[in-house]
Amino acid sequence: MKKILFTLVAFFCLMLSYGQEKHVTGTVTDSETGMPIPGANVMVKNTTKGVVTDFDGNYAIDVNANATLVFTYIGYKEQEAAVGSQSVVDVTMTVSASELDEVVVVAYGTQTKEEVTAAVATVSGKELTDVTTPDVSTMLQGKVAGVQVVQSSGQPGSVPDVRIRGISSIDGRVSPLWVVDGVIMHGTPNLNPNEIESISVLKDASATSLYGSRGANGVVVVTTKRAKSGRSEITLSTRTGFSNFNHGNFEVMNSQQMYGYYQAFGDSFNKEDNPWFNEELLQRDYNWLDNGTQTGVVQDHNIVFTSGSEKSNTYISLGYYDETGTIKGYDFDKLSFRINQDLNFGDRLKISPKIGVNYNTVENRQHSLYAMQTYMPWDYPYNDEGNIVNPQENGVPWIGRDKSNYLYDLQWNYSNSQELNLLANFDFEFKITDRLKFISTNGYTLYRYDSKSYTDPASNSGLADDGRLYQYTSRRITRFTNQMLKYANLWGKHNFTALAAYEYNDYVYDDFSATGAGIVSGTEILNNAANPKDIGGLKNDYALQSFLFNTNYDYDDRYMVQLSIRRDGASNFGSNNQYGTFYSASAGWNIHNEDFFNIEAINELKLRGSYGAVGNRPSSLYPQYDLYSLSNTYNGVPVTTPSQLGNEDVGWEKSYQTNLGLDISFLNRIGLTFDYYSKDTSDLLYYVSIPDVTGYSGYWENIGGVKNSGFEIFLDADIISTEDFLWSFNFNIGINRNEITELYEGEPIIRGNKRLNVGQDINTWFMRKWAGVDPENGDPLWEVVNEETGEITTTNNWNEASQQEVGTSTPDYYGGFGTAFTYKGISLSANFAFSNDNLIYNYSRELYDADGAYPTYNQQVLDNGWSRWQEPGDQATHPRPVYGGNNLSNKTSSRYLEDGSYLRMRNIRLGYTFSPDWIHTIGMSNLNIYLSGDNLWTITDYSGMDPEVGVDGTNDTRYPVSKRLTIGLTASF
């Protein structure tokens, strides 16, 4: 009996001890770095009780001895630890191999990756900053399936063209919409890439329909960095690079080659009438490209301060970027500043002001690339005394056709510019109840641009009017506000969210320019000009207002449904069609969460599907109005002249989009995403030209339709993953097919060297078709097509040749891939971009590969596989050279259409991160050094300098993308 009583008392005491709370402390750290994890959640299992770790990863909580603590943090595996008799519970967390809990920024909010039913791709800020550039969009090249990024110029500060899932408009906007921290931007934002936390690319209607009339071309959502709670840190990053001019496959002739070219003219060149042509020319060989190019220097320096507490988080960054071009005389500078603040007032109110400022300057005395490629190697820019010569003076020997030495004017003439971009947000959230929140997003942007161009009276270009001074200034202001109610409720296996919002956005732009002639050399003040010459100015504006609603429902993490609707009103439509309604619906099925699914190797298997309608507006801001010009005068009095015929019925382009997607993840290492899409755009906006006798130049009309369909694949894999070694690989490809489905009255539309025609690609080339070289006499040949029979013959008369469709500048597919290796502190990564089977029209070859049409221009050295006709029977690619030209052989034809396919190593980077154990002893939390290379290697058959010539597919002496080596360091304290 005593034993039983003793046992009961002991059991009672034990239960009593477990029922009492005890004070537990501990530290949460990262398993790889040993660094503390601030902001980690520590919850008592099966309760709502919990705390958050402080800056040093420490926590303290009162719990029962029988409790189990659950530790969670975004990007890490969930950990559990039983308390028992312990008073100190330290936990080491490991990075999660599964990305299902990853937070993805979508339209007007966030979702976990498992919840997403739309076609959304996310790129982290770390992945973006491998390439050295001041521009954000450049960094997306080759990283997102279905996103084509083409750099049309390598000039410092230039911005590439971005297209998402093809081109869906003719005269409407074709670039994606950019959204920064919830605020809709006008064009591509000017940001410091180092300030970016992540970029989400929204591709289908389900993802973009909440942006309504501006979502037809995709949406790029940028989230800037913010401080994390419980952590203060200063980070310094610096890198210096050296850029080299990229000749590609292009080479102009030297003196010997040019002399041989003239010899090939035979009897067509009369040497007796041109006594300057003699063997003495072989003693003169000036390399204009070497003279005008240099090793450019790039500097990119940033300092970031972050401080976070329970009530206030502050992020401050200051950046400086400087780049001198690989073509001499061009210097680009960018100074950037950002402050992002989060202030918590109690548990309900959060205020988040943000200010970003970017200030760019350009000093421009750039040498002429056109001149460097056309000037003869027999012409010297300097005389025997080393002075720059003026070919337009009597007695100066000069062979080049234009009698121009661009270096002469560059002694005095220059231009400069300054650009200011201010982005300001005042956002706040108010928690009305635990389930209902009011969110206010308010943005203001200011753009100011000033430029000046100086032409000295002593320069050739200033002789006509005794020098000129030109000044230009422009200003753009946009205002944005979004007032939103957001509801969220989770009960049982049901998860429901909804939002409703009102949005308003307006824009106003004005500019002014003036030219003064007759100036004193060296003056920079417009008022000092003797003669006011030209005055110009422009002003325009627009406004949009919108009502939007979105709801998401999720049952048991298995079945997801999303519905969206938006009603847009725009100022650049007439009263008959001022408002448009846009909508979408999507659904997803997480098959891997079903009870019947028990394939251990597959971590994720999700089906997605969406359908919706988004819109587009015309590029004109006033298509509905009859417009008149006041720029003409009569007897000194302004007079009105007709300009544009208005159309009150012009309406929205509407793009009806379908997307089917599949997400698969294997072995917590391999992720695959497949997407098929179809974008059917109707009511294409087009500016219809009308005869001049009407008094008007034309009017806006909805004239047809175009369809884009395609397939996208994204692969991400950790091929080898051990404690010390990781080898990862990623690959993406986008395949797009474009077809015009309808045109006004079914009639084709010719635009330059392209033609819009039903059943054809929107980028179809239309010109005479090259038929090669006549082997008997070396004449050029073109095709002649009999309109009635379709019979094809050839002619050596360019004027008799038939214009026809000869290919497209749209690539068959494009994308990129990358790989990365890490071993302890050593890392090596490489990223590549590619494009295939797009035709470039190499317009420059009309000058540089002209068969004698421009004999006093330097000529292009024949590329590999090319040959020039010399005698009967030759099977050559180039006609017989004739002084003055061979039967218009250099006129526009498919002869100059070239395959623009390329594979380019965008970046390779070798780095070393020092051991935390060592750098902690000197007060640092992170130290990394690296060596990086950009665009070092390109495979292409294109004969020009750079196959990236812009999305229009025309090359006209463009600044090639530079090759660059960079060394950098990042240190955190």
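All figures in this text were calculated on a predicted structure; none of them were measured in a lab.

### Comments concerning the overall build of the protein
Looking only at helices and strands, the protein has nine helices and 52 strands in total. Taking 30 Å as the expected radius of gyration for a compact globule of 973 residues, we find that the protein reaches 33 Å, a close match to that expectation. A sequence separation of at least 24 residues applies to 69% of the contacts in the protein between residues at least 6 apart. Accessible area for the protein stands at about 43800 Å²; split by element, carbon and sulfur atoms hold 53% of it. When the 72 basic and 116 acidic side-chain charges of the protein are each reduced to a single mean position, those positions are 8 Å apart.

### Re the pairing of strand 15 (residues 196–202)
A regular strand places its side chains so that they alternate between the two faces of the sheet. Of all the seven residues making up strand 15, six are buried; the element is thus mostly covered by neighbouring parts of the structure. In the sheet, strand 10 (residues 120–124) pairs with strand 15 via five bridges, with the strands oriented antiparallel. If you follow Thr122 over to strand 15, its bridge partner there is Ser200. When strand 15 meets strand 16 (residues 219–224), the two strands line up antiparallel, connected through six bridges. Bridging across to strand 16, Ile196 finds its partner in Thr224.

### Let's talk about helix 4 (residues 255–263)
Every buried residue of helix 4 is listed here: Ser255, Met258, Tyr259, Tyr261 and Tyr262. The buried residues of helix 4 occupy an angular sector of 155 degrees when the element is viewed end-on, so they sit on one face. Backbone nitrogen of Gln256 and a side-chain oxygen of the N-cap are separated by 3.2 Å at the start of helix 4; the cap is Asn254.

### Considerations on a nonpolar patch on the surface
Taken together, the side chains of Ile234, Leu236, Ile303, Phe305, Leu318, Tyr320, Leu335, Phe337, Tyr359 and Phe973 make up a nonpolar region of the molecular surface, amounting to roughly 830 Å² of accessible area. Contributing elements (two or more residues each) for the nonpolar patch: strand 17 (232–244), strand 18 (296–308), strand 19 (312–324) and strand 20 (330–345). As for its placement among the helices and strands, Tyr320 is situated in strand 19. Exposure remark for Tyr320: the relative accessible area of 33% places this residue in the partly exposed category.

### Remarks on the sheet that holds strand 3 (residues 50–52)
An order of 3-2-5-6 is seen for the four strands of this open sheet, with the pairing classed as antiparallel. Of all strands in the sheet, those with a lone pairing partner are strand 3 and strand 6 (79–82), marking the two edges. Between one strand and the next, the sheet's axes are offset by a mean angle of 20 degrees, whatever the strand orientation. Of the strand pairs in this sheet, strand 2 (residues 41–44) and strand 3 are connected by three bridges, and their pairing is antiparallel. The residue of strand 3 that forms the bridge with Asn41 is Val52.

### Observations concerning the sheet that holds strand 35 (residues 698–702)
Strands sit in the order 30-31-35-34 across an open sheet of four strands; the sheet is mixed. Each end of this open sheet is capped by a strand with a single partner; those strands are strand 30 (627–634) and strand 34 (685–689). Sheet twist, expressed as the mean angle between neighbouring strand axes with direction ignored, is 30 degrees. Here strand 31 (residues 637–645) pairs with strand 35 via two bridges, running parallel. When the bridges of strand 35 are listed, Leu645 appears paired with Tyr699.

### Some words on the pattern of salt bridges
Counted according to the given criterion, the structure contains 36 salt bridges. Across the pair Asp663 and Arg608 runs a salt bridge whose closest N-O atoms are separated by 2.9 Å. Taken as a pair, Asp663 in strand 32 (residues 653–666) and Arg608 in strand 29 (residues 602–616) lie far apart in primary sequence, 55 residues in all. What makes Asp663 buried here is its relative accessible area of 8%. Between Asp956 and Arg958 there is a salt bridge; the shortest N-O distance is 3.1 Å. Taking relative accessible area as the criterion, Asp956 reaches 39% and is therefore assigned partly exposed.

### Description of the layout of surface pockets
Roughly 980 Å³ of internal volume is contained in the second largest pocket. Listing elements by their share of the lining of the second largest pocket, those giving two or more residues are strand 12 (161–164), strand 13 (177–180), strand 20, strand 21 (349–364), strand 22 (414–431) and strand 23 (436–455). Grouping the constituent residues of the lining of the second largest pocket by class yields 20 nonpolar, 14 polar and nine charged.

The rules behind each value
Residues numbered from 1 in each chain as written. Predicted model: local features only at pLDDT ≥ 70, side-chain atom pairs only at ≥ 80, totals over all residues. Heavy atoms only, no water. Helix = DSSP H or I, 4+ residues; strand = E, 2+ residues; numbered from the N terminus. Rg over C-alpha atoms; globule rule 2.2 N^0.38 Å. Contact = heavy atoms within 4.5 Å. Areas by Shrake-Rupley, 256 points an atom, 1.4 Å probe, with all protein chains shown as cover. Lys, Arg positive; Asp, Glu negative; His and termini not counted. Charge placed at Lys NZ, Arg CZ, Asp CG, Glu CD. Buried < 20%, exposed > 50% of the residue type's maximum accessible area, 1.4 Å probe, protein only. Pairing = 2+ DSSP bridges. Arc of directions from axis to C-beta. Polar contact = N/O pair within 3.5 Å; in protein donor to acceptor, adjacent residues only side chain to side chain. Patch = residues over 30% accessible without salt bridge, like charges linked within 9 Å, V, L, I, M, F, W, Y side chains within 5 Å. Salt bridge = Lys/Arg side-chain N within 4 Å of Asp/Glu carboxyl O. Axes fitted to C-alpha atoms, helices over the stretch in contact; angles between N-to-C directions. 1 Å grid on protein atoms, 1.4 Å probe; cavity = no way out; pocket = protein on both sides within 12 Å on 5 of 7 lines; lining within 4 Å. Points joined across faces, edges and corners; volume = space filled by probe spheres on them. Nonpolar A, V, L, I, M, F, W, Y, C, P; charged D, E, K, R; others polar.

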